[in-house]
Amino acid sequence: MHVSTASADNLPKNAKPMSADEVRSVYSGKSAVWDASNRAFFAPDGTVIGYNLKEKVTFMGNWAVSSNRNCMNVSWKKIKSGDSGKATDCWQWYKDGKKIWTLWSTHYDGSKPKKGDYYQGEAKILKAGDKVSREYTKLTKS
């Protein structure tokens, strides 16, 4: 579960899709720290866990890369009510020289990306290591 992207733009004409190996290395063993209340850990074994405190949900599932696209397929659960469901988020990755562009191409809520929704900065929010499990464990035990 992701937050809306900032500074959306059009993909530069010279941008090329990143390879599956490049995209895998962007995620493997890293935590997406979208903001203080919205995080996911992409374990090297292909599992993912996370939470979104604004929406009051925890989620767990798998992530996989195909071509230049990473998809996270999760089961989510509301922290208090216990309501649950399934969701998918996908991101496509491109490079233009040293600049990296990302498109949040599949949204968990079913909304569609717009033509100019490419943005920079997603790679910078992916931090090495697990920044999620401690809080995730607390949330799932409450």
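Quick note: structure is the one above.
Because the structure is a prediction, the values reported are computed rather than measured. (Residues numbered from 1 in each chain as written. Predicted model: local features only at pLDDT ≥ 70, side-chain atom pairs only at ≥ 80, totals over all residues. Heavy atoms only, no water.)

A. Representation of the nonpolar core in the model. With 21 residues, the main nonpolar core has Y27, F42, M72, W91, W93 and L126 as its most contacted residues. If you list the elements that add at least two residues to this core, you get helix 1 (20-27), strand 2 (30-35), strand 3 (38-42), strand 5 (57-66), strand 6 (69-78) and strand 7 (84-96). The next biggest cluster of nonpolar side chains, apart from the first, holds eight residues, and it includes F41, A43, Y51 and L139. (Core = buried A, V, L, I, M, F, W, Y, C linked by side-chain atoms within 4.5 Å. Buried < 20%, exposed > 50% of the residue type's maximum accessible area, 1.4 Å probe, protein only. Helix = DSSP H or I, 4+ residues; strand = E, 2+ residues; numbered from the N terminus.)

B. How the structure looks around the packing of aromatic side chains. Within the structure shown, the criterion is met by nine aromatic pairs. Considering the side-chain rings of Y27 and W91, the 6.1 Å spacing of their centres and the 40° angle between planes classify their relative orientation as tilted. Here W91 lies in strand 7 and Y27 lies in helix 1, a separation of 64 residues in the sequence. By relative accessible area, which is 1% here, Y27 ends up buried. Here the aromatic residues Y27, W34, F42, W63, W91 and W93 are joined through ring pairs into a cluster of three or more. (Phe/Tyr/Trp six-rings, centres within 6.5 Å; stacked < 30°, edge-to-face > 60°.)

C. Representation of the pattern of salt bridges within the structure. Taken as a whole and assessed by the stated rule, the structure comprises four salt bridges. Of the charged contacts, one joins K95 and E22 as a salt bridge, the two residues approaching to 2.6 Å between their closest N and O atoms. With K95 in strand 7 and E22 in helix 1, the pair connects residues that are 73 residues apart, well separated along the chain. Of the residues examined, K95 reaches a relative accessible area of 31% and is grouped as partly exposed. (Salt bridge = Lys/Arg side-chain N within 4 Å of Asp/Glu carboxyl O.)

D. Seen up close, unusual backbone geometry. With phi around 55°, K56 is a residue other than glycine that occupies positive phi space. When you line up the elements, K56 lands in the loop between strand 4 (47-52) and strand 5. Its identity is not glycine, yet S67 carries a phi of approximately 60°, on the positive side. Here S67 is to be found in the loop between strand 5 and strand 6.

E. Spotlight on the state of the cysteines. Scanning all chains against the criterion turns up one disulfide. Two residues, C71 and C90, share a disulfide whose sulfurs are 2.0 Å apart. Classification of the bridge connecting C71 and C90 rests on its S-S torsion, roughly 110°, and on that basis the disulfide is right-handed. Placement of C71 in strand 6 and of C90 in strand 7 is noted, with a sequence separation of 19 residues between them. (Disulfide = S-S within 2.5 Å.)

F. The environment of Y51, seen in detail. Residue placement: Y51 occurs in strand 4. When sequence neighbours within four positions are dropped, the list of residues in contact with Y51 reads A36, S37, N38, R39, V57, T58, F59, K131, V132, E135, Y136 and L139. (Contact = heavy atoms within 4.5 Å.)

G. Structural context of the pairing of strand 7. Sheet analysis places strand 1 (residues 16-17) next to strand 7, joined by two bridges and oriented antiparallel. Paired with P17 across the bridge in strand 7 is Y94. In sequence, strand 6 turns back onto strand 7 through a hairpin of five residues, with G82 there showing a positive phi of about 85°. In this sheet, strand 8 (residues 99-106) lies alongside strand 7 in antiparallel orientation, the contact comprising seven bridges. Each bridged residue has a counterpart across the sheet, and for K95 the counterpart in strand 8 is I100. Connecting the antiparallel pair strand 7 and strand 8 is a turn made up of two residues, with G97 showing a positive phi of about 65°. (Pairing = 2+ DSSP bridges.)

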